[in-house]
Amino acid sequence: MRLLGDPASEQATTHVAPSESERLFAAGINYLCCGAWPLANDCFERSARKDAATRYNRALCCFEVEWYEECLRLLDDAERLLDSRSDEASCPDIPSLSQRQPPEAFRRWEDASELPRCPLLPETPRNDALTLILRLRAEAAHQLGRIEEVRAIAAQLGHQYKHLENLLKTIDR
């Protein structure tokens, strides 16, 4: 049995045909949307994909089962992979949410909402992907009592998200 986060398990992953990898990734997205965290994580792991979206989605699964250290490790990988992905992989034709300026009602909702529990797709614009990664990282860091990391992320995101500001208020009491 493979264990999540076990380097030997990750190295033991066999080669997966591209069509099977895509099928497993899609199944993982479906399971993630239904809150079936163990099934989603298993699909993402078995897909053998080594991209930011897969790492983030696995981190979200770990967060939901309260495995915060593994969540942060996977988020580190996701951010590193996001920074190294080529322009072709980032779908430059799709501007980020901040560049599109959605209607005010959607901007207010986004700023005031809790951490989004949505999957990250490979075609998600880089800035939007980074925002999801940072928001999940702040939440996991908060769970582990890493106060300075939460403060740094909130500052990096421009203190725009009310949920992160509320986390900081609980810390500063």
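Up top is the structure.
Since the structure is predicted, the reported quantities are computational estimates derived from the model, not experimental observations.

> Tell me what's going on with the overall build of the protein chain, and back it up with residues and numbers.
Across its full length, the protein chain carries 10 helices and 0 strands. Mapped in sequence order, the helices and strands of the protein chain form the string α-α-α-α-α-α-α-α-α-α. A total of 173 residues make up the protein chain; the buried ones form 45% of that total. Considering only contacts within the protein chain whose residues lie at least 6 apart along the sequence, 66% involve residues at least 24 apart.

> Please give an account of helix α5 (residues 68–84) that cites residues and values.
If you check α5, its first and last C-alpha atoms are 24 Å apart, about what 17 residues at 1.5 Å a residue would give, namely 24 Å. Every buried residue belonging to α5 is among Tyr 68, Glu 70, Cys 71, Leu 72, Leu 74, Leu 75, Asp 77, Ala 78, Leu 81 and Leu 82, and all of these are buried. The inward-facing, buried residues of α5 contact α4 (52–64), α8 (126–143) and α9 (147–156).

> Tell me about α8, residues and numbers included.
For α8, with 18 residues, the first-to-last C-alpha span of 26 Å sits near the 26 Å given by 1.5 Å per residue. Within α8, 14 of the 18 residues are buried, leaving the element largely enclosed by the surrounding structure.

> Break down the packing of aromatic side chains for me, citing the residues and quoting the values.
Overall, the coordinates contain 2 aromatic pairs when judged by the stated rule. When the ring centre of Phe 25 is taken as origin, the NZ or CZ atom of Arg 49, which lies over that ring, is 4.0 Å away.

> Describe in detail the packing of α8 against α9, supporting the description with residues and values.
Relative placement of two packed helices is described by the angle separating their axes and the distance separating the axes. At a minimum axis separation of 8 Å, α8 and α9 run at an interaxial angle of 160 degrees. In terms of orientation, α8 lies roughly antiparallel with respect to α9. Handedness of the crossing formed by α8 with α9: left-handed. Listed contacts from α9 to Leu 134, Arg 137, Ala 138, Ala 141 and His 142 of α8 are Glu 149, Val 150, Ile 153 and Gln 156. By residue class, the composition of the contact of α8 with α9 is 5 nonpolar, 2 polar and 2 charged.

> A description of the side chain of His 163 should follow, citing residues and the corresponding values.
Counting through the fold element by element, His 163 comes out in helix α10 (residues 162–171). Its relative accessible area of 10% is what places His 163 among the buried residues.

> Give me the lowdown on the packing of helix α2 (residues 18–34) against helix α3 (residues 37–46), citing residues and values where you can.
Relative to each other, α2 and α3 sit at 160 degrees, their axes nearing to 8 Å. With respect to their mutual orientation, α2 and α3 come out roughly antiparallel. At the point where α2 passes α3, the crossing takes the left-handed sense. Packed against α2, whose contacting residues are Leu 24, Phe 25, Ala 27, Gly 28, Ile 29, Tyr 31 and Leu 32, the element α3 presents Trp 37, Leu 39, Ala 40, Cys 43, Phe 44 and Arg 46 at the interface. Here the contact of α2 with α3 is composed, by residue class, of 11 nonpolar, 1 polar and 1 charged.

> Describe the state of the cysteines, with residues and values.
Tallied over the full model, the rule gives 0 disulfides. Just so you know, Cys 43 is unpaired, no disulfide at all, and the nearest cysteine sulfur is the one on Cys 61, 9.4 Å from it. Judged by its relative accessible area of 6%, Cys 43 is buried. Among the cysteines around Cys 118, which has no disulfide bond, Cys 33 carries the closest sulfur, lying 8.3 Å off. Classification of Cys 118 by relative accessible area gives partly exposed; the value is 31%.

> Describe in detail the nonpolar core, supporting the description with residues and values.
In this structure, Leu 32, Phe 44, Tyr 56, Cys 71, Leu 75, Leu 136 and Leu 164 are the most contacted members of the largest nonpolar core, which totals 41 residues. Contributing elements (two or more residues each) for this core: α2, α3, α4, α5, α8, α9 and α10. No other element matches α8, which puts 9 residues into this core. Beyond its immediate sequence surroundings of up to four residues, Leu 75 is in contact with Tyr 56, Ala 59, Ile 133, Leu 136 and Arg 137.

The rules behind these values
- Residues numbered from 1 in each chain as written.
- Predicted model: local features only at pLDDT ≥ 70, side-chain atom pairs only at ≥ 80, totals over all residues.
- Heavy atoms only, no water.
- Helix = DSSP H or I, 4+ residues; strand = E, 2+ residues; numbered from the N terminus.
- Buried < 20%, exposed > 50% of the residue type's maximum accessible area, 1.4 Å probe, protein only.
- Contact = heavy atoms within 4.5 Å.
- Expected span 1.5 Å × (residues − 1).
- Phe/Tyr/Trp six-rings, centres within 6.5 Å; stacked < 30°, edge-to-face > 60°.
- Lys NZ or Arg CZ within 6 Å of the ring centre and 35° of its normal.
- Axes fitted to C-alpha atoms, helices over the stretch in contact; angles between N-to-C directions.
- Parallel < 35°, antiparallel > 145°, perpendicular 65-115°, else oblique.
- Left-handed = near helix turned anticlockwise from the far one by under 90°.
- Nonpolar A, V, L, I, M, F, W, Y, C, P; charged D, E, K, R; others polar.
- Disulfide = S-S within 2.5 Å.
- Core = buried A, V, L, I, M, F, W, Y, C linked by side-chain atoms within 4.5 Å.

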